[in-house]
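Here is what each chain is made of, one letter per residue.
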Amino acid sequence: MPAKRTPIWQSIAVALTEDLAEGRYGPGDKLPTEAQLAARFGVNRHTVRHALKSMSDNGLIHARRGAGVFVAQVPTDYVIGKRVRYHRNLEQAGRLPGKEILHLETRLADATEADALGLSEGAQVHVYDGLSLADNQPIAVFRSVFPADRFPDLTAQLDRLRSVTAALKEHGIADYTRAKTRLAARPASATQALHLRISEGDPILRSVGVNVDTNQRPIEFGTTWFAGDRVTLTLSE
């Protein structure tokens, strides 16, 4: 009686799993397209799709609508407590932290920003839009808003230092804490999805908070949108 043959799709799944184990594709990397994999293994796309579904069911990969198939990434543990320091959080989680500046500007505060920072109508604010990275993979987009009168040179310092903590320190803020935080789930907008390399409408976690100095004066109004499958948020006192 002839030996039972291994289904082709299963052989493809094993080969691709070995690719992951050997580090040819790392967490967050995009796999070749179905057409490219079909050409590599000499099969049709339906067979490739079967193999990818098996790997997805095992938690090895996941598909993002309209973007492709990606290697699953272990979520980054991110602590939201009284002292939120991005670089320290990522380093403690064993990840390499990074940030990209998307936009820096000084403008009039809107009503929400003015209320959060205790500013009068017509006050100006510095706005820092950026992208947070862990091991060179985007995990969040953020907006930080600061009172311009109190920190007149902050945008130049942020551009130079790429660190809110370091920039505030140059303005005499040796320490600051989180006064309050609100968390909510939201669907990703088109621009958020583009920056986070996810699909529009994918779930993201929005954190809104106010940081205060040692005299309890508001110094930063921040909103961060975390990619839902890349971050595990932990609330801490």
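Residues numbered from 1 in each chain as written. Predicted model: local features only at pLDDT ≥ 70, side-chain atom pairs only at ≥ 80, totals over all residues. Heavy atoms only, no water.

(A) Quick look at the pattern of salt bridges. Per the stated rule, a full pass over the model turns up 10 salt bridges. When the shortest N-O distance is used, the salt bridge between Arg 143 and Asp 129 registers 2.7 Å. In this pair, Arg 143 sits in strand 6 (residues 137-147) while Asp 129 sits in strand 5 (residues 124-134), placing the two residues 14 residues apart along the sequence. Residue classification places Asp 129 among the buried residues on the basis of a relative accessible area of 12%. Arg 162 is the partner of Asp 159 in a salt bridge, and the nearest nitrogen-oxygen pair spans 3.9 Å. Relative accessible area serves as the criterion here: at 43%, Asp 159 is assigned to the partly exposed category. Among the charged side chains, a salt-bridge network with shared partners connects Asp 19, Arg 24 and Arg 40. (Salt bridge = Lys/Arg side-chain N within 4 Å of Asp/Glu carboxyl O. Helix = DSSP H or I, 4+ residues; strand = E, 2+ residues; numbered from the N terminus. Buried < 20%, exposed > 50% of the residue type's maximum accessible area, 1.4 Å probe, protein only.)

(B) How the structure looks around the packing of helix 2 (residues 34-41) against helix 3 (residues 45-57). Two numbers describe how helix 2 lies on helix 3: the axes approach to 9 Å, and their chain directions differ by 105°. In terms of axis orientation, helix 2 runs roughly perpendicular to helix 3. Packed against helix 2, whose contacting residues are Glu 34, Ala 35, Leu 37 and Ala 38, the element helix 3 presents Arg 45, Val 48, Arg 49 and Leu 52 at the interface. Tallied by class, residues from the contact of helix 2 with helix 3 come to 5 nonpolar, no polar and 3 charged. (Axes fitted to C-alpha atoms, helices over the stretch in contact; angles between N-to-C directions. Parallel < 35°, antiparallel > 145°, perpendicular 65-115°, else oblique. Contact = heavy atoms within 4.5 Å. Nonpolar A, V, L, I, M, F, W, Y, C, P; charged D, E, K, R; others polar.)

(C) Quick look at helix 1 (residues 8-21). Here helix 1 contains 14 residues, and its C-alpha end-to-end distance of 20 Å stays within 8% of the 20 Å for a straight helix at 1.5 Å per residue. All of the buried residues in helix 1 are Ile 12, Ala 13, Ala 15, Leu 16, Asp 19 and Leu 20. For helix 1, the buried positions fall inside an angular range of 165° around the axis, keeping them on one side. Its buried side turned inward, helix 1 meets helix 2, helix 3, strand 1 (61-64) and strand 2 (68-71). (Expected span 1.5 Å × (residues − 1). Arc of directions from axis to C-beta.)

(D) Summary view of the layout of surface pockets. Its volume calculated, the second largest pocket comes out at about 220 Å³. The wall of the second largest pocket is formed by 14 residues, among which Glu 34, Leu 52, Ala 63, Gly 68 and Val 69 lie closest to the centre. For the lining of the second largest pocket, the secondary-structure elements that each account for two or more residues are helix 2, helix 3, strand 1 and strand 2. Of the residues assigned to the lining of the second largest pocket, the class counts are 7 nonpolar, 4 polar and 3 charged. (1 Å grid on protein atoms, 1.4 Å probe; cavity = no way out; pocket = protein on both sides within 12 Å on 5 of 7 lines; lining within 4 Å. Points joined across faces, edges and corners; volume = space filled by probe spheres on them.)

(E) Representation of helix 6 (residues 154-161) within the structure. Looking at helix 6, one finds that the buried residues are Leu 154, Gln 157 and Leu 158. Looking down the long axis of helix 6, one finds its buried residues gathered within 100° of arc, a one-sided arrangement. Seen from the buried face of helix 6, the exposed residues on the opposite side, beyond 90 degrees, are Ala 156 and Arg 160. Those residues of helix 6 that are buried are in contact with strand 4 (97-108), strand 5, strand 6 and helix 7 (164-169). Phi turns positive one or two residues past the end of helix 6, at Arg 162, with a value near 55°.

Nothing here speaks to function; it is geometry throughout.
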